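Examining the three-dimensional arrangement
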Amino acid sequence: MPLSVDPNDAALFRRTSGLKPEYQAPPSRWRRWTRRLAVGFGLAGLLGVAVGIVAVIVVLSQFGQDLPEYRQLMDYEPAETSRTYAADGQPLGRYAEQDRQFVPIRSIPEQVANAFIAAEDRNFWTHSGLDYVGIARAVVQNARRIADGHRLIGASTITQQVAKTFLLTRTVSIERKVKEALLALRMERVLSKERILELYLNEIYLGLRSYGVAAAARNYFDKSLDELSLAEMAYLAALPKGPNNYHPELRREAALERRAYVLRRMTEEGFVTAEAASSARAEPLTSVAREGRDALVAAPHFAEEVRRWIADSMGEEVLYQGGLTVTTTLEPTLQQIATDVLRDGLEAYDRRHGYRGPVWTIEDPEETDWAGQLSDPGARPVSIPPHLEPAVVLEVDGQTARVGLAGGAVMDMTRADMAWALEGGEDGNPAELLEPGHVLLVEMLGGAGERQPELRQLPEVEGALVALDPRNGRVLALVGGYGEGEFGFNRATQAKRQPGSAFKPFVYLAALEDGLTPGSLVLDAPLVIDQGPHLEEWRPQNYAAGQFYGPRTLRDGLERSRNVMTIRLANTLGVERVAEVAERFGLGLPQPFLATALGTTETTPLALASAYATLLNGGRRIEPAFVERVQDRHGRTIHRRDLRRCPACGFESELPPELPPLGIPVADPVNTFQVTWMLKGVVEVGTARRLANLGMPLAGKTGTTNDFLDAWFVGFSPNLVVCVFVGYDQPRNLGRGESGGRVAAPIFGAFMERALAEGSASPFRIPDGVDMVRIDAETGRRPAPESQRVIFEAFARGTGPESAGATVRGFEDEIY
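Note that the structure is predicted; figures quoted are calculated from it, not measured.

Right, let's get into the overall build of the chain. For the chain, the helix and strand inventory stands at 25 helices and 24 strands. Considering only contacts in the chain between residues 6 or more positions apart, those separated by 24 or more positions represent 68%. Element-wise, carbon and sulfur atoms account for 51% of the exposed surface of the chain, whose accessible area totals about 40,500 Å².

Shown next, in the form of structure tokens:
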């Protein structure tokens, strides 16, 4: 029998079973494919998301684990330039691996920061390390740039640039960009925007060896940040893209275009008004000249001594990265005087010994670009000091020489301008000396509009000058040679030479310490010294060989620099006693030979100046000091020359506070004053009497070594000690008669005349325990009616002569 089905049950079955009614038409093919594609795309999307998540996890795990420690930037202190200054604050030197001056963000002018933000990262204050809007914009622009064949642009934020500069390398790779982005995101979580901007503005390289905005402001414009104009700020902000591409002199047009772009961006961001930007665009781009950027006090030998001291005492890393501020003892005015007088003195000596010929020769000067050759430093075979310039002889006759100068000017030199070099002086014939094509050195002398070239030449002889304050050891000026080479040989501190008779004061000090007085008599007569078996007898001679003067006072022996008297003193005292005195005064421990008394032990000009300063300072020895104070990058004092404390300083008082004296006592102030007083006679009547016409209280001692190899003068006023040395680097005879009194003393006199202003000189201070007694300078006794030279002599209390017939202790018993 047939099966019967309830219609209601059939409908329910179809709904629950998913079966279609028998009468429903099948779906179209298009609908089936559409549904299949939707399912496929859905599955692909889910797969893409999964793959993306996995990729992100892989990238983070691969690149995120080995990232540099970015938290170090919280306490990061970049390498800074160390700067040295003269005593008056003038810049002396800069030392750095990277020329940088760190400036806290609070001290950077707001518009300087705005200029860089506008040019480099317009969304800096709002993004979280990555500028997604900037990235999208860069993608669109790069698509066009690829089509046009242009270089791609980046979208790095300032935070990313900080990450790259501080923590990563500059290698261009996807790996570095990923790390850069990760670091930027992490840095934004721990560093404030202000700290990130501070790091960026102090670290970025801006050309001309400048790292950071402060160094760039100084090197480009010789200004501090708060002195910059809007145009100058915009130019600095134009440089991060490539400083060499926007050089203010070599790429001026590109630099102006980039500056204008920065000003336009600042206007768009609302940092400046359109009127201010327009005015800034019209401002010329003027950078300071190189000589302006490097304007330092001309003291290369002094500056090098300071550099060595810092490197030795604090380390080279601190010197070149620590951002030290070093105040030195240098007095620029005295330094310039020292440079001038030593140069003039060496040139004067050199001219006395004749003209040596041209520096070089230009063939057929009338047919060549002689002005260009003279102007090219690379064409010069020698280094020419700034006060001289090269000149080529174009024509010459018996009266004049027509010369061309580096700038193209042509001038006439008369016989008077070259008289020192001519045979017969001003009556000589220039044609016998010069030829066309000879390149000479000339010095332009005279006032404006009347300048005239005078013939000069570079001296072969060398020298040194040191000036220091005897009360505290401050080195006030130091010149280590004729030239100014930055790292040249420093004859003031490195040249060890025999001081000759300049050593004698320490022999006479030993005699005073042994109980003699300035009036004691010593025999100046022929002396024969037995030097031992198989050695010749030594017969010391005075400067005037063969001349002897009989019994003379200690004063006369030092004033007239009597060699035989000095040897007799040393022989009687014992040369070991003389050597001990020399060691106390910082001159080393000489060999125990009698010739030591005549200055055969080598020393440096600085050491000899320091020894004389100890004499003048009452026997208190103070080491010479080049550095007054050193401060670290935070302004904390980490070194100070004078460590004395002054509890009374800062309180109101009618009298100035008294400080304990500096230095270590190495001799009795009475004895050292007696030597000082005798050295005053050297200037008044002795071997340096040419200085007496200066009319100021001076003392000192000449020094001349055997065969006139070295010439010295060490002298002083009550507050200033100066040592002058002259000699060839490879010792050779200076010439007959070229003694310390003729070669070195005039340099000392020229220095003192300019250094000591009129009326500034004070008398030598007499210490307690000294009696100033009138005596006959020839006999050491009280003056008699027939006395020719009567002086006040310095005696230790109670040791002076009591009457005209009385003498003082001498070597009479030993000698006669």
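Taken in spatial order, the five strands make up an open sheet running β2-β1-β5-β17-β18, and their pairing is mixed. If you trace the sheet from one side to the other, it starts and ends with β2 (91–95) and β18 (637–640), each paired once. In this sheet, neighbouring strand axes are inclined to one another by 15° on average, regardless of whether the strands run parallel or antiparallel. Where strand β17 (residues 627–631) and β18 come together, three bridges link them in antiparallel fashion. Along β18, the bridge assignment pairs Q631 with T637.

With that settled, consider the nonpolar core. Among the nonpolar cores identified, the biggest contains 119 residues, and F506 and F751 are the most heavily contacted of them. Leaving out residues up to four positions away in the same chain, F751 has contacts with L334, I337, A338, V341, L465, A467, L720 and V722.

This structure, assessed with the given rule, holds 19 aromatic pairs. Ring centres of F124 and W125 lie 5.0 Å apart, and the angle between their planes is 70°; on these two criteria the pair is classed as edge-to-face. The ring of Y728 has R732 lying over it, and the distance from NZ or CZ to the ring centre is 3.7 Å.

The N-to-C vectors of helix α21 (residues 605–616) and helix α22 (residues 669–684) enclose an angle of 110°; their axes lie 8 Å apart at closest approach. With respect to α22, the axis of α21 lies roughly perpendicular. Where α21 approaches α22, its residues Y612, L615 and L616 are matched on the opposing element by T672, V675, T676 and L679. Classifying every residue of the contact of α21 with α22 by side-chain character gives five nonpolar, two polar and no charged.

The subject of this paragraph is the sheet that holds strand β13 (residues 475–479). What links the strands of a sheet is backbone hydrogen bonding, and the strands pair in either a parallel or an antiparallel sense. What the five strands build is an open sheet, ordered β13-β12-β22-β21-β20; its pairing is antiparallel. Either end of the sheet is taken by a strand with one partner, and the two such strands are β13 and β20 (699–704). Recorded for the sheet is a direction-independent mean angle of 5° between the axes of neighbouring strands. Inspection of the sheet shows strand β12 (residues 462–468) paired to strand β22 (residues 720–727) by seven bridges, in the antiparallel sense. Residue A467 lies in a different strand from β22, and its bridge partner there is V722. Where α22 meets the sheet, its contacts fall on β20 and β21 (710–717), and the angle it forms with β20 comes to roughly 70°.

In this section: the packing of helix α5 (residues 158–167) against helix α7 (residues 193–203). At a minimum axis separation of 9 Å, α5 and α7 run at an interaxial angle of 55°. The pairing of α5 with α7 is recorded here as oblique in orientation. Two packed elements cross with a definite hand, and for α5 against α7 that hand is left-handed. Taking contact as the criterion, the partners of I158, T159, Q161, V162, T165 and F166 in α5 are, on α7, I196, L197, L199, Y200 and E203. Taken together, the residues of the contact of α5 with α7 sort by class into seven nonpolar, three polar and one charged.

All right, on to the side chain of T566 then. By the secondary structure assignment, T566 is in helix α19 (residues 563–573). Classification of T566 by relative accessible area gives buried; the value is 0%. A polar atom in the side chain of T566 sits 3.2 Å from the side chain of Y508. Residue contacts for T566: discarding those within four places in its chain leaves K504, V507, Y508, A597 and L598.

Criteria and cut-off values
- Throughout this description, residue numbers start from 1 for each chain and increase along the sequence as written.
- Residues qualify for local features only when their pLDDT is at least 70, as the model is predicted, and side-chain atom pairs are given and counted only at 80 or more; totals for whole chains, interfaces and linings, by contrast, use all residues.
- Side-chain calculation: all heavy atoms of the structure are included, whereas hydrogens and water are not.
- Numbering of helices and strands starts at the N terminus; helices are DSSP runs of H or I of at least 4 residues and strands are runs of E of at least 2.
- Whether two residues are in contact is decided by their heavy atoms: any pair within 4.5 Å suffices.
- Accessibility throughout is a Shrake-Rupley quantity obtained with a 1.4 Å probe, and a residue counts as covered only by protein chains that appear here.
- Two strands pair under a simple rule: DSSP has to find at least two bridges between them.
- In this analysis, axes come from line fits to C-alpha atoms, helices being fitted only over the stretch in contact, and the angle between any two N-to-C directions falls in the range 0 to 180 degrees.
- Residue types Ala, Val, Leu, Ile, Met, Phe, Trp, Tyr and Cys, when buried and joined through side-chain atoms within 4.5 Å, form a set referred to as a nonpolar core.
- For every residue, the accessible area (1.4 Å probe, protein chains only) is compared with the maximum for its type, and the residue is labelled buried under 20%, exposed over 50%, or partly exposed between those bounds.
- Only Phe, Tyr and Trp rings take part, Trp by its six-membered ring, and two of them pair if their centres are within 6.5 Å. Stacked means planes under 30 degrees apart, edge-to-face means over 60, and tilted covers everything else.
- By definition, being over a ring means that NZ of Lys or CZ of Arg is both within 6 Å of the ring centre and within 35 degrees of the ring normal.
- Any angle between 65 and 115 degrees counts as roughly perpendicular, while under 35 counts as roughly parallel, over 145 as roughly antiparallel, and the rest as oblique.
- Side-chain classes are defined by residue name, with Ala, Val, Leu, Ile, Met, Phe, Trp, Tyr, Cys and Pro counting as nonpolar, Asp, Glu, Lys and Arg as charged, and the others, Gly among them, as polar.
- Crossing handedness: left-handed means the near helix sits turned counterclockwise from the far one by under a right angle, and right-handed means the same turn made clockwise.
- Under this definition, polar contacts are N or O atom pairs within 3.5 Å; protein pairs additionally need one hydrogen-donor-capable and one acceptor-capable atom, and for neighbouring residues in sequence, both atoms have to be side-chain atoms.

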